Amino acid sequence: MNTEMLSVWSSMFMELSPEEAVETFLRCGLAATELSYEHAAVLLKRGSAAGAGSEFRSYIDNRGFSIPQAHLDFVTCDPADPDPAARRHHIDSLKEQIELFAVLGVRAMVLHSGGRKARAAGWTAEQTQAVALESFRELGEQAAKFGVTICLENMYGENYELQPAYSSADLLRIIDRIGSPQFGICLDTGHLALSKAEPHDAFIRNCGKTLKALHIADNFGVKDDHRLPYIGNSVDWVKTAAALRETGYDGLINFEIPGERGCPRPVLEDKTRFARKLGETIFLG
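Predicted model, so just to flag it, every value in this text is computed and none were measured.

Student: How do you make sense of the environment of T272 when you look at a structure like this?
Tutor: Along the chain, T272 falls in helix α11 (residues 265-283). Relative accessible area serves as the criterion here: at 0%, T272 is assigned to the buried category. Between the alpha carbons of T272 and T247 there is a distance of 27 Å; along the sequence they are 25 residues apart. Look past the residues within four positions of T272 in its chain and what remains in contact with it is V8, M12, F13, F25, C28 and L30.

Here is the structure:
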């Protein structure tokens, strides 16, 4: 692990243009980010995935900045939507995002499993998962075309997204059923603290090389606060860091901390610098 692996997801500065966000991260001592779906939407409004993506890729390359990880849209896109027409639209949109991210040099693309609308419509977990698996397989074909990995994120809570998708065993079972080598896992430390599915270090060791992405965040044990480590103290960071080293994790050490956003820009930039320092101390020390 090295400092180039440290990042804060780009929604930390979602009100800025993608270029302005890059400049802000560089000013805060970070040379990488997980690109948010909000910034991806801005880029796709400028043109095609190939065209807009190539232009922005040239920009970040010239600035010595990289985007090894990105988050696919989980707000407007649901791969398990019960409406076939809506689901088709969501899958096509996600496929376009996959192409954009691949052009930008993204290796790991985080995906929420979807399913909230299906469960609200009275679908069983089995029905929901069957539809989701079909969507995942199609998205896997798109990922294979570009040689990238889609990372399913562990979730939490009653009726929240696809069930079950809490523990490492849950996610590995889903990936086995998808049957595509283009799928990996994203560990969200805050989600795991809330679900209490297993200790964080056990999750990491059980995933092994299938773990391709991280969302580092803390909470107070009640809701998904998305705060900096040690604020809620819901994660054993020493054991978590040790497990990452032992398994040879080589993806981004990425902080997903929207709970830190409610402050003036100068303070937000200081928090970003502090996230970098925390990353160095916890994961690289």
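Student: Just to check I follow, could you spell out helix α1 (residues 18-27) for this structure?
Tutor: Three or four residues apart is the spacing at which side chains of an α-helix point the same way, because the helix has 3.6 residues per turn. Residues of α1 that are buried include every one of P18, A21, V22, T24 and F25, and no others. Looking down the long axis of α1, one finds its buried residues gathered within 165 degrees of arc, a one-sided arrangement. Buried residues along α1 sit in contact with β1 (6-8), β2 (32-35), α2 (37-46), α3 (49-62) and α11. Residue G29 follows α1 closely and has a positive phi angle near 90 degrees.

Student: Before we go on, may I ask you to explain the packing of aromatic side chains in this structure?
Tutor: Two aromatic rings are characterised by how far apart their centres lie and by the angle between their planes. Within this structure, the stated rule accounts for six aromatic pairs. Taking 6.4 Å as the distance between ring centres and 15 degrees as the angle between the ring planes, the aromatic pair formed by F25 and F65 counts as stacked. With F25 in helix α1 and F65 in the loop between α3 and β3 (66-71), this residue pair connects regions lying 40 residues apart in the sequence. Given a relative accessible area of 1%, F25 falls into the buried group. Following the ring pairs from residue to residue traces out a cluster consisting of F13, F25 and F65.

Conventions and cut-offs
Residues numbered from 1 in each chain as written. Predicted model: local features only at pLDDT ≥ 70, side-chain atom pairs only at ≥ 80, totals over all residues. Heavy atoms only, no water. Helix = DSSP H or I, 4+ residues; strand = E, 2+ residues; numbered from the N terminus. Buried < 20%, exposed > 50% of the residue type's maximum accessible area, 1.4 Å probe, protein only. Contact = heavy atoms within 4.5 Å. Arc of directions from axis to C-beta. Phe/Tyr/Trp six-rings, centres within 6.5 Å; stacked < 30°, edge-to-face > 60°.

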